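# A closer look at the structure
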Amino acid sequence: MLLSQIYYVTDQMDIAKADISIQNDTIAAIGCLCAAPGEEVIDGTGLLLLPGLCNTHCHVPMTLLRGQSDHLPLDQWLQSQIFPAENHLTKEAVYYGALLGIAEMLSCGVTSFDDMYYFSDAVCQAVVESGICANVAMDGFAFDPALQNRFSISLEELEDFYLRNHDRCPQRLTIDFCIHAEYTTTPERCVALIGLAKKYQARVQLHLAETASEVEGCLLRHQKTPVRYFESLGLFDLPVTAAHCVHLTDEDRSILAKNRVFVSHCPSSNCKLGSGIADLSALRQAGVLVTLGTDGASSNDSLNLLGDLRLSCLLQKALHQDPTVFTAKDALQMATSTGFHAQGRMDSGVIQVGKRADLFALRLTDENMAPANQLLQTAVYAANPKNVAFTMVHGQILYRDGAFLTIDVPTVQQKVTELAQQLF
Ligand SMILES: [Zn+2]
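Predicted model only: the values in this text are computed from it and were never measured.

## Notes on helix α15 (residues 375-382)
The set of residues buried in α15 consists of Leu375, Leu376, Thr378, Ala379 and Val380. In this structure, the buried residues of α15 make contact with β1 (2-9), β2 (15-23), β5 (47-51), α12 (305-320), α13 (328-335) and β14 (359-363).

Printed below as a string of structure tokens:
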């Protein structure tokens, strides 16, 4: 495939214009190129090509729970709304919920995501069928005895899940382990999960320092902040993506930096649950690697990562009363190359010869993009999903001009509507 005369975001986050050749799943050449006989040509006029976006924190089947709650802080939201509804989850519901969420992400330019949820074989199935990339972890333990019957998944089951799926589609599907959070997981269980992840040299996803009350509770239980607690358990010997990190001390930030822990910043979710605003400036100054996530569709209530890209910039400027503190370039880097690094996908996240063709294009000719002369800023501050012309994963176009090429969205949407009613 040849993308002819297309504006694109370079590896230095500048804008250039060239012909870009895609061979199989790879960016094969960038320059002044001619189409080979029989090669598909996409006219790049009026388009801006970007590296695909990486959503580093999601619970994709939670599209089933979209719109179900408002005005509740995290602990009450989980206990009174989310956990009771999730008691009625089925594998079928998770499968259709995941497909719907994947469709939404593809329509926003997302080509890879991190996921932690239940019935995760069904999430893997949806990833394999849809053509997207993902790091999928299976969740499943709570220390409140009243909750243990729900998802008390044994370590053996988690290991089996890993073994069943880790080589199912190795180019696109990576299996991670997950610790839901300090407040839902016993220390013994954390240690066992860390041991399991070390055995397979796998990555770990977790929720970390999301709310002030989580930190207070952890200090009472362990006399340590959540970051120091997990460091003491040896978690950070592993590659880790920690979602939220809103409430940190200076010492916490140096521990995260020293151990190269990737933080997944989830601004919409933190705003909706009233959790606070993560200080990206302090994180970056400490040397912490920051990526971008939506969180689940019940605390956001959207999987539109373009929206979080914009919000992340605006929040930092407002928080610091300084418009220079976090720029469109910073945000795009966070949502692309740093995100893919967090997933262990070092071959994605930039438009460069030899890298994976994980890409999306924005239509510059739409009215909300005019006059389209500062393209990077326009992409971050003005673009919304209706401007996405196509999304390509490993050289395959999965979404183009409003059409999903691998997901039967009307059927999936109907199923999710029916199944969601059964959860409540
Ligand atoms: Zn989450």
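Now that the structure has been shown, the text picks up again.
## Details of the nonpolar core
Ranked by internal contacts, the top residues of the largest apolar core, which has 123 residues, are Leu208, Leu235, Phe236 and Leu256. Broken down by element, this core gets its largest block of residues, 11 residues, from helix α2 (residues 91-106). Per-domain counts for this core show at least three residues from each of domain 1 (2-52 + 347-404) and domain 2 (53-342). Apart from residues lying up to four places away in sequence, Leu235 is in contact with Ile179, Ile194, Val204, Leu206, Phe230 and Val240. Counting residues in each nonpolar core, the second largest holds 19 residues, with Met1, Ile22, Ala357 and Ala389 among its members.

## Re the pairing of strand β11 (residues 240-244)
For β11, the buried fraction is high: five of the five residues fall into the buried class. With five bridges connecting them, strand β10 (residues 204-208) and β11 associate as parallel partners. The partner of Leu206 across the bridge, within β11, is Ala242. Relative to strand β12 (residues 262-265), β11 runs parallel, the two sharing three bridges.

What counts, and where the lines are drawn
Residues numbered from 1 in each chain as written. Predicted model: local features only at pLDDT ≥ 70, side-chain atom pairs only at ≥ 80, totals over all residues. Heavy atoms only, no water. Buried < 20%, exposed > 50% of the residue type's maximum accessible area, 1.4 Å probe, protein only. Helix = DSSP H or I, 4+ residues; strand = E, 2+ residues; numbered from the N terminus. Contact = heavy atoms within 4.5 Å. Core = buried A, V, L, I, M, F, W, Y, C linked by side-chain atoms within 4.5 Å. Domains from an automatic or database assignment. Pairing = 2+ DSSP bridges.

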